[in-house]
Amino acid sequence: MFISMFGAVESGVIYAIMALGVYLTFRVLDFPDLTVDGSFVTGASVAALSIVNGVPPILATLFALLAGFLAGCITGLLHTKGKVNALLSGILMMTALYSINLRILGQPTLSMLHETTIFKQLGSFWSVTGIDNALNSLLGVFGLDRLPSTWAILTVMAVVTVIIKLVTDFYLKTEVGLALRAIGDNKRMIRSLSANTDNLTIVGVGLSNGLVALSGALIGQLGGFADVNMGIGMIVIGLASVIIGEALFGTKTIARATLAVIGGAIIYRIIVTLALRVDFLETGDMKFITAAIVIIALVAPKVHQVQREKKRRIQKRKQLGGDSHA
Amino acid sequence: MLNVTNISVTFNEGTLDEKKALNGIELEMAAGDFVTVIGSNGAGKSTLMNVVSGNILPDAGDVIIGGKQVVHLPEYKRSAFIGRVFQDPMAGTAPSMTIEENLAMAYSRDKKRRLKFGVTKKRKDMFRDYLKTLNLGLEDRLSAKVGLLSGGERQALSLLMATFTNPNILLLDEHTAALDPSRAELITSLTEKVVRESGLTTLMVTHNMQQALDLGNRLIMMDKGQIIFEANGEEKERLTVKDLLQEFQRIRGEQFEDDRAVLG
């Protein structure tokens, strides 16, 4: 149990980078960007191909980020300059990326099991420190017998994710960032305040997909492979993370909202892990569960509001005195 | 400061719905001029405003602001030196952002937006001073979300955001029409004060003839895409709503068709 929870948190921290990207488009820009399903795989594919060809893993991961940024920029271009509907431009890009990803990989699945990934490098640095032994012996005191093989990934990725969060927070408070947020809030206003909304949207969608691809590259290296289908439903997972996080942790300020998104991504992974332990559920059911979570999160508050309003009216009517008109 | 020469705009050209919205409009405004524009629905007032702001590209004609030809500049570039307040009080501010963030965005209007904090301590102090001039107590609510403000407060904030960087031109597009009478009066008096103190060159469209007479030093009346009547300075001072209606009837030989213009 502990070991599977540990795995959930570990991958949750990495998926949080993807969720931050989805937050940028879905919430900040108010741009429902479906490119994510494709750009996540693009990230993993570019990293895998680079690593297999002997590029240092850190550089390979940066290539992945850049590829995602470019893909996002094209989606942004389609939408702003090409005047294509936001959803459609994402779908078009996602579809095009499927073929591109297949070309990058050269085959449906590219294994990195025998290659040096960023995490393997990390592991060899980490083992020198002896932190694993210290932490595991500490946990051993509590009677846990199956312990994680390394804490390196969780620790370092948590730091990386928090740094990305802080940079995002800063960016959204700069003069450029304020204009970016205003695009999602009141586009007409920010245009009348002399901001080039087209270019800002293109860069915004680009940055978002850069983060998604970075996340994809890391998840690929964590699992030891890149698969052309690994991105299916990724946008819904991102949305689920954003919505769960916002519901649980609130959105009062930007810093709070981005923290909530990270929390949401981790909790989503925990939910998945727990769901997979239920006997009658299979791995393939996960997409359905994810969709159900998003649907509930979207619909439940509205139903709740309608019910409350109904109750209020009934009470009011009683107060005003016995009119039986319903 | 603003020269509009021989502007023509046609909508749906070549179809049954073809409409000449503006037909050879000429307007020259000196620095500090405050021109009010009246006219019935479809007269071309809003189209004129949109041509100046860059929302609509004219078929022909020039728009020159401060000696610079801007007719081919897209809206976002032009708005570096044009301040604008819309009719809809919700249109001029970003609701889920704070008052200080909205002001910071307006402050960046005529500057390049950089990767530096938009809201700084120094700017906050400056924003507070500007907000005090509104007398609405907004200076104590800098970090409140704009969505929490009333329509009148939002419009007052929009007015401030449109003016405090001293743009070359201020465009007011029926900016009091969607407010209740007391709020409209507040915004009207704020407008008068802001324009008087900063000496902004202002073009204001209004449905309300009385307001058009009360504000500004020049008045133009438009109909069917043309300027049909103009009154300046003292001549404008002496005009009444009744005069304007009579003038319209004399020129066009028909009744001014818009009740709103008279009733307010």
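None of the values given here were measured: they were computed from a predicted structure.

### With respect to the nonpolar core
Counting residues in hydrophobic clusters, the biggest one holds 115 residues, and the most contacted among them are A:Met18, A:Ile190, B:Ile99, B:Leu103, B:Met105 and B:Leu131. Broken down by element, the residue count for this core peaks at 14 residues, all from helix H1 (residues 2-29) of chain A. With residues up to four places along the chain from it excluded, the contact list for A:Met18 reads A:Val36, A:Phe40, A:Leu211, A:Val212, A:Ser215, A:Met234, A:Ile237 and A:Gly238. Among the nonpolar cores identified, the runner-up in size contains 29 residues, and B:Met29, B:Met49, B:Val51 and B:Ile169 belong to it.

### Regarding the environment of A:Phe249
All names here are of chain A. Structurally, Phe249 is set in helix H11 (residues 234-249). For Phe249, a relative accessible area of 36% puts it in the partly exposed group. It is 25 Å that separates the C-alpha atoms of Phe249 and Val205, two residues lying 44 residues apart in sequence. Ignoring any residue separated from it by four or fewer positions in sequence, one finds Phe249 in contact with Arg256, Ala260, Gly263, Gly264 and Ile267.

### Here's the deal with the UniProt feature "transmembrane region" (unreviewed entry) in chain A
Residues and elements named next belong to chain A. UniProt's entry tags residues 12-29, 58-78, 85-105, 151-172, 193-219, 231-250, 257-276 and 288-306 with the feature "transmembrane region" (unreviewed entry), counted in the numbering of this structure. When the span residues 151-172 is considered, its composition is 95% helix and 0% strand, and the gap between its end C-alpha atoms is 32 Å. In this annotation, residues 257-276 is assigned 100% helix and 0% strand; the end-to-end C-alpha distance for the span is 28 Å.

### A closer look at the sheet that holds strand E8 (residues 201-205) of chain B
Residues and elements named next belong to chain B. Spatially, E6-E7-E8-E3-E9-E10 is the arrangement adopted by the six strands of the open sheet, whose pairing is mixed. The open sheet has two edge strands with one neighbour each: strand E6 (82-85) and strand E10 (226-232). Taken over all neighbouring pairs, the strand axes of this sheet differ in orientation by 20° on average, direction set aside. Contacting strand E3 (34-39), strand E9 (218-223) and E10, helix H9 (residues 241-252) crosses the sheet at an angle of about 140° to E10.

### Examining the packing of helix H5 (residues 118-129) of chain A against helix H7 (residues 152-173) of chain A
All names here are of chain A. In the contact formed by H5 and H7, the axes pass within 10 Å of each other and the chain directions differ by 110°. Classified by the angle between their axes, H5 and H7 sit roughly perpendicular to one another. Between H5, through Phe119, Leu122 and Trp126, and H7, the contact on the second element is made entirely by Ala152, Ile153, Thr155, Val156 and Met157. Its residues assigned to classes, the contact of H5 with H7 comprises seven nonpolar, one polar and no charged.

### Structural notes on the interface of chain A and chain B
Contacts between the two partners involve 23 residues from chain A and, on the opposite side, 32 residues from chain B. Both faces considered, chain A and chain B share a buried interface measuring about 2400 Å² in area, 57% of it formed by carbon and sulfur atoms. The largest share of the area that chain A buries against chain B comes from A:Glu175, A:Asp185 and A:Leu193, three residues that together contribute 28% of it. Here chain A is connected to chain B by three salt bridges.

### Brief notes about the UniProt feature "domain: ABC transporter" (unreviewed entry) in chain B
The sites that UniProt annotates as "domain: ABC transporter" (unreviewed entry) are residues 2-249 of chain B. Each end of residues 2-249 of chain B is marked by a C-alpha atom, and these two atoms are 30 Å apart; helix forms 35% of the span and strand 25%.

### Here's the deal with the pattern of salt bridges
According to the stated counting rule, one finds 18 salt bridges over all chains in the structure shown. We note a salt bridge from B:Arg114 to A:Glu175, for which the minimum N-O separation is 3.6 Å. Taken together, the residues B:Arg114 in the loop between helix H3 (99-107) and helix H4 (121-132) and A:Glu175 in helix H8 (residues 175-185) connect one chain to another. With a relative accessible area of 40%, B:Arg114 lands in the partly exposed category. The closest approach of N and O atoms between B:Lys121 and B:Asp125, which form a salt bridge, is 3.5 Å. Taken together, the residues span about one helical turn, with B:Lys121 and B:Asp125 both in helix H4 at a distance of four residues. Taking relative accessible area as the criterion, B:Lys121 reaches 62% and is therefore assigned exposed. Look at B:Asp125 and you get partly exposed, because its relative accessible area is 34%. Each of the salt bridges in this network shares a partner with another, and the network as a whole consists of A:Glu175, B:Arg114 and B:Arg123.

Reading the values: the criteria
- Every chain is numbered independently, its residues counted from 1 as its sequence is written.
- Here every chain gets a letter starting at A, and every ligand a number starting at 1, in the order they are written.
- Two thresholds apply to this predicted model, a pLDDT of at least 70 for residue-level local features and 80 or more for giving and counting side-chain atom pairs, whereas whole-chain, interface and lining totals are computed over all residues.
- Hydrogens and water molecules were not included; the side-chain quantities draw on all heavy atoms of the structure.
- By nonpolar core is meant a set of buried Ala, Val, Leu, Ile, Met, Phe, Trp, Tyr and Cys residues that side-chain atoms within 4.5 Å join together.
- Buried residues are those whose accessible area, probed at 1.4 Å on protein chains only, stays under 20% of the maximum for their type, while exposed residues exceed 50% and partly exposed ones sit between those limits.
- Per the convention used, a helix needs a DSSP run of H or I reaching at least four residues, while a strand needs a run of E reaching at least two, with both numbered from the N terminus.
- Residues count as neighbours in contact if any of their non-hydrogen atoms are within 4.5 Å of one another.
- UniProt positions are given in the numbering used here, feature names are shortened, and annotations may be inferred rather than shown by experiment.
- Between any two strands, pairing holds if DSSP finds at least two bridges.
- To get an axis, fit a line to the C-alpha atoms, keeping to the stretch in contact for a helix; angles then go from 0 to 180 degrees between the N-to-C directions.
- Orientation is classified from the angle alone, with under 35 degrees giving roughly parallel, over 145 giving roughly antiparallel, 65 to 115 giving roughly perpendicular, and any other angle giving oblique.
- Gly is placed with the polar residues, together with every amino acid not listed as nonpolar (Ala, Val, Leu, Ile, Met, Phe, Trp, Tyr, Cys and Pro) or charged (Asp, Glu, Lys and Arg).
- As used here, buried area is the combined drop in accessible area, with a 1.4 Å probe, of two parts when they are placed together.
- What counts as a salt bridge is simple: a side-chain nitrogen of Lys or Arg found within 4 Å of a carboxyl oxygen of Asp or Glu.

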